[in-house]
Amino acid sequence: ESSSYVVPAGTEAILRTAFQFCYNLEEVALNSDLLALEDMAFAGSTIHSVEIPASVIFMGNEVFNNCENLTSATFNGSVPVNGVGERIFNNTAEDFTIYYFEGQDGWSTPEWNGYPAEPLPRGEYRAEGTCPAWNEKGELYWHITWDGTLYIDVMDRELSPEEIEVILNGTD
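To keep things clear, this report deals only with the structure shown in the data block. (Residues numbered from 1 in each chain as written. Predicted model: local features only at pLDDT ≥ 70, side-chain atom pairs only at ≥ 80, totals over all residues. Heavy atoms only, no water.)

A few points about the sheet that holds strand S5 (residues 49-52)
Read across the sheet, 5 strands follow the order S5-S7-S8-S10-S9 without closing on themselves; strand pairing throughout is mixed. Bordering the open sheet on either side are S5 and strand S9 (111-112), each of which pairs with just one other strand. With 4 bridges connecting them, strand S8 (residues 97-101) and strand S10 (residues 115-120) associate as parallel partners. The residue of S10 that forms the bridge with Tyr100 is Pro119. (Pairing = 2+ DSSP bridges. Helix = DSSP H or I, 4+ residues; strand = E, 2+ residues; numbered from the N terminus.)

A few points about the sheet that holds strand S6 (residues 58-59)
Pairing in this open sheet of 3 strands is parallel, and the strands run S2-S4-S6 from one edge to the other. Where the open sheet ends on each side, the last strands, each with one partner, are strand S2 (13-14) and S6. Here strand S4 (residues 36-37) pairs with S6 via 2 bridges, running parallel. Each bridged residue has a counterpart across the sheet, and for Leu37 the counterpart in S6 is Met59.

Re the pattern of salt bridges
Considering all chains together, one arrives at 3 salt bridges under this definition. For the salt bridge of Arg16 with Asp39, the shortest nitrogen-to-oxygen distance reads 3.3 Å. Residue Arg16 is found in the loop between S2 and strand S3 (25-29), and its partner Asp39 is found in the loop between S4 and S5; the two are separated by 23 residues along the sequence. The class of Asp39 is partly exposed, set by a relative accessible area of 22%. Of the charged contacts, one joins Arg87 and Glu62 as a salt bridge, the two residues approaching to 2.8 Å between their closest N and O atoms. You can see Arg87 sitting in the loop between strand S7 (72-75) and S8 and its partner Glu62 sitting in the loop between S6 and S7, a full 25 residues away along the chain. For Glu62, a relative accessible area of 17% translates into the label buried. When salt bridges with common partners are traced through the structure, they connect Glu62, Glu86 and Arg87 into a single cluster. (Salt bridge = Lys/Arg side-chain N within 4 Å of Asp/Glu carboxyl O. Buried < 20%, exposed > 50% of the residue type's maximum accessible area, 1.4 Å probe, protein only.)

Here it is as structure tokens:
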């Protein structure tokens, strides 16, 4: 049975071998408080992709070594400033690629530390979109900033305090 894991907010480090050989771990969500991924933290797991928060400043040796299903690692910030260990992505999927956002320090293309690497354009927002308003009075526009703040607005007009309450709490 496959599983996923969300690293709790406030966790600053994934300790050495914490998830090593977790054969059913296919998804992991790393929190924005995370500072370090220690040696072999996820080595040998079955993770398919991983997003490394910009807060990570250290990655130890072989963090994702032998993760044979790992096809991508997306870095939201610069290369970790306090160091990157050896063989962090060895023996990953054949089509494994590192993705990083344009303008972040320390990255190189077409390879970084011997691994395929490609830049991603960095838009104004991490994500954005529209959806029909709950009261059928137009569309809601939403966007999430790079620091994780969610903004919601009704297109062409401001929301009343009552409408904001409905959006946030689901009450009428």
